[in-house]
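Residues per chain, in single letters:
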Amino acid sequence: MKRRLQRSCGMSGEAIAERMSGSFEATASTPSEAFEALYRRAFPRVYGYVATLLRDRAAAEEVTAQAFERAYRKRRSFTPSRGTQEAWLFGIARNAALDELRRRKRRAVLETDPEDVHAVGLDDEADGAIRREAVRAALGRLAPRERELVALKFAGGLSNEEIARVLGISESNAGTRLHRTLEKLRRDCDEDA
Amino acid sequence: MKTLEDALEEITPTPDPDFVADMEWRMRQGFPPQRKRRLPRIDLARFRPRQVAAVTASAGLAAVVAVALIGSDGEQPATPVQQQFEPVDAGGGGSGGEDARAAAEPAPGPRSPALRRALSAEATEAAPDLAFRDRPGNIAPGAEVRRIERSAGITLASDPDEFDDLSDAIFRTADRRNGFVLQSSFTQGEEGLSSGFFELRVPSAQLQQTLNELSRLATVRTRSESGTDVTAPFVSLRERLRTAGALRTSLLRRLEVAFTDTAVDSLRRRLEIVGNRISRLREQLRGMRERTEFATVVVELVDEDTGAVTGETDEAIDDAVGSFEDILNFLIRAAGVLLPIGLVGGIGWLAVARARRRARERALA
């Protein structure tokens, strides 16, 4: 977990420790500063999760901004006893993303792959690119709920406990679902290969 | 060979640099709202009929409870002043309709039951005349002399052994003030006399002096006074008596010149009716004059040992209990209104939250 967070967001060990334990008041002198710290370590992951879910870069930007705006407004309502700051923030982002999905009726669009302008070219790393394409294709074949699980885990970098909080299910259930989804994804990738 | 997990992390979309810069600016600005906040829209079509029916039924129930409570508020206990009208003139003829009604109004003020009883009897006696008080604006503003019925009550505390002496003193006071004792009584307890009751009539002009003298006889526990302006009914009675007298004179004149037996009989019957009415009006006028000229004073004697501290303590406890009851009644009424509203609100909120959650989850189905 720590390794993934450090790698995907460039977080320091102290920041990760804060994330695991703290309320806004406990991690900084004012709630605004604490929220800024949360923003800095969670923004790319929230965007990654929302973009994976929506498959639309413009909509993902709008929803991400909306999610942070809502979270900032409600930052005083956060209670550590109900989960980590990340779980709380991803819950808000999820609601905003699902509202957006409902509004735009994007179910059909979900089947298409997201555009990624920062993806590495095939020429640079041929094997890796092929592997990524296979994973992306297999991911596209997953059911939306399964894809959301994967997005929360790998784009969001959440723990199973946090995923359970976001989805409103038990931690063991989240772990089981995630394991099955990854197995399915692995099988799909192997078949493609 | 990269693992699946590594590949999944690598294909995660990353934010555009322009968007990152924009978000950075928003963060520094404290995330200003991008657009006007709107009230949350409730998509009624997404509610199931059962949910709608439950919310509607709850709202209806709350409304019924609220209306019932408000209705019960309107049915307050009877006010201290109760009015009753009774026919008192069965044979008064055409104009007798006006004086065929009477009102009974309990005298305000005294707390003692005995005093209340006495004043109530007084009021009942005066009832036929007091009907006029119920008419708005009937105050006879131009009357030269105001007619006022006065009454007072006083409770004296003393050693029961001194009740006899006190009784004599009360009689002497009434005599000295040109009044009289209408009735008196004593209550016998296990250890001798426990209380006494006197109803005095004293000239209204002597009321204050009488009360002052009575106050000096023993320790005053309570003292109350009240007055009712009966000028309007008094003037009205006098006018009706004058009219009845004029009618009688007229009938007598007509009787003198009546030729037929039928006319004579008819006039005699009418004279009899008018005569009765005049008698009744005179009686009422006399009673009213007496009541305005003589004030009623009710004197109660109580044992100083049983009344003093205990009485005040009882009164304080009664007040405290009364205040507590008032607060409790208010809280019960408030809870009766707020609880159903809160319940309906809570159910509605839960239903809306659940419906929204389901609708969101359907987006992933």
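These numbers were taken from a predicted model, which means no experiment stands behind them.

Enquirer: An account of the overall build of chain B is requested, with residue identities and associated values reported.
Expert: The helix and strand tally for chain B stands at 10 helices and 5 strands. Among the 365 residues that make up chain B, the fraction classed as buried is 21%.

Enquirer: Talk me through the overall build of chain A; I want residue IDs and the actual numbers.
Expert: Looking only at helices and strands, chain A features 10 helices and 0 strands. Along chain A, helices (α) and strands (β) appear in the sequence α-α-α-α-α-α-α-α-α-α when read from the amino end. Across the 193 residues of chain A, 41% fall into the buried class. The long-range share in chain A, meaning contacts at least 24 apart out of those at least 6 apart in sequence, stands at 68%.

Enquirer: Talk me through the nonpolar core; I want residue IDs and the actual numbers.
Expert: Of all hydrophobic cores here, the largest spans 51 residues; its most connected members are V46, V50 and A93 of chain A. In terms of residue count, helix 4 (residues 31-54) of chain A provides more of this core than any other element does, 12 residues in total. Not counting residues within four places of it along the chain, the set of residues in contact with V50 of chain A comprises A60, V63, T64, A93 and A97 of chain A. Counting residues in hydrophobic clusters, the runner-up holds 21 residues, among them F163, I170, V297 and L301 of chain B.

Enquirer: Can you tell me about the interface of chain A and chain B, naming the residues and giving the values?
Expert: Interface size, as often reported, equals the accessible area lost upon joining of the parts. Each partner contributes residues to the interface: chain A has 37 residues there, and chain B has 24 residues. Counting only elements with at least two residues in the side of chain A that touches chain B, the list comes to helix 4, helix 5 (57-73), helix 6 (85-104), helix 7 (126-141), helix 8 (144-155) and helix 10 (171-192) of chain A. Here the side of chain A that touches chain B gets 8 residues from one element, more than from any other, and that element is helix 4 of chain A. Its residues placed into classes, the side of chain A that touches chain B shows 19 nonpolar, 6 polar and 12 charged.

Enquirer: I'd like to hear about the environment of T187 of chain B, residue by residue, with values.
Expert: Here T187 of chain B lies in strand 2 (residues 180-189). Sequence-distant contacts of T187 of chain B, that is, excluding residues within four places in its chain, are made with S194 and S195 of chain B.

Enquirer: Would you mind going over the packing of helix 8 (residues 231-256) of chain B against helix 9 (residues 261-293) of chain B in detail, with residue names and values included?
Expert: Residue and element names in this part refer to chain B. With their axes 9 Å apart at the nearest point, helix 8 and helix 9 run at an angle of 155 degrees to one another. Put simply, helix 8 runs roughly antiparallel to helix 9. Taken as a pair, helix 8 and helix 9 cross one another with a handedness that is left-handed. Its residues assigned to classes, the contact of helix 8 with helix 9 shows 15 nonpolar, 3 polar and 7 charged.

Enquirer: Tell me what's going on with helix 7 (residues 207-215) of chain B, and back it up with residues and numbers.
Expert: L207, T210, L211 and L214 of chain B are the residues of helix 7 of chain B that are buried. The arc that holds every buried residue of helix 7 of chain B, seen down its axis, measures 95 degrees, which confines them to one face.

Enquirer: Help me get a handle on helix 6 (residues 163-176) of chain B, residues and values and all.
Expert: All names here are of chain B. Compared with an ideal rise of 1.5 Å per residue, which puts 14 residues at 20 Å, helix 6 spans 20 Å between its outermost C-alpha atoms and is within 8% of the ideal. Taken together, the buried positions of helix 6 are F163, L166, I170, T173 and A174. The buried residues of helix 6 all sit within an arc of 95 degrees when viewed along its axis, so they share a single face. The exposed residues of helix 6 that point more than 90 degrees off its buried face are D164, D168, R172 and D175.

Enquirer: Tell me about the packing of helix 6 of chain A against helix 9 (residues 160-167) of chain A, and please be specific about residues and values.
Expert: All names here are of chain A. Put simply, helix 6 and helix 9 touch, their axes get as near as 9 Å, and they point 40 degrees apart. On the basis of the axis angle, helix 6 is oblique to helix 9. For the pair helix 6 and helix 9, the crossing hand works out as right-handed. Facing helix 6, whose interface residues are E86, A87, F90, G91 and R94, helix 9 presents E162, R165 and V166. Tallied by class, the residues present in the contact of helix 6 with helix 9 amount to 3 nonpolar, 1 polar and 4 charged.

Enquirer: For the confidence of the model for chain B, give the residues involved together with the corresponding values.
Expert: Residues and elements named next belong to chain B. Put simply, chain B has an average pLDDT of 77, and 72% of its residues get 70 or more. Long-range and interchain partners of residues 73-112, a stretch whose pLDDT sits below 50, account for 64 contacts in this model, where long-range means more than four residues apart. In this model, residues 117-137 is a region of pLDDT below 50 whose contacts with residues beyond four sequence positions or in other chains number 47 contacts.

Enquirer: Lay out unusual backbone geometry in plain terms, naming residues and giving numbers.
Expert: Look at R55 of chain A: it is not a glycine, yet its phi comes out positive at around 60 degrees. By secondary structure assignment, the location of R55 of chain A is in the loop between helix 4 and helix 5.

Enquirer: Residue-level account of the confidence of the model for chain A, with values.
Expert: All names here are of chain A. When pLDDT is averaged across chain A, the result is 76; 72% of the residues are at 70 or more. In the predicted structure, residues 1-21 sits below a pLDDT of 50 and forms 23 contacts with residues beyond four places in sequence or in another chain. The low-confidence segment residues 117-122 (pLDDT under 50) makes 4 contacts with residues lying over four places distant or belonging to another chain.

Enquirer: Give a description of the environment of G91 of chain A that names residues and reports values.
Expert: All names here are of chain A. With respect to the helices and strands, the residue G91 is situated in helix 6. For G91, a count of 19 C-beta atoms within 10 Å gives the class partly exposed. Sequence separation between G91 and A71 is 20 residues; the distance between their C-alpha atoms is 9.7 Å. Beyond its immediate stretch of four places on either side in the chain, G91 contacts R165 and V166.

Rules and cut-offs
- Residues numbered from 1 in each chain as written.
- Chains lettered and ligands numbered in written order.
- Predicted model: local features only at pLDDT ≥ 70, side-chain atom pairs only at ≥ 80, totals over all residues.
- Helix = DSSP H or I, 4+ residues; strand = E, 2+ residues; numbered from the N terminus.
- Buried ≥ 20, exposed ≤ 12 C-beta atoms within 10 Å, placed from the backbone.
- Contact = placed C-beta atoms within 7 Å.
- Core = buried A, V, L, I, M, F, W, Y, C linked by C-beta atoms within 7 Å.
- Nonpolar A, V, L, I, M, F, W, Y, C, P; charged D, E, K, R; others polar.
- Axes fitted to C-alpha atoms, helices over the stretch in contact; angles between N-to-C directions.
- Parallel < 35°, antiparallel > 145°, perpendicular 65-115°, else oblique.
- Left-handed = near helix turned anticlockwise from the far one by under 90°.
- Arc of directions from axis to C-beta.
- Expected span 1.5 Å × (residues − 1).
- pLDDT = per-residue confidence, 0-100.

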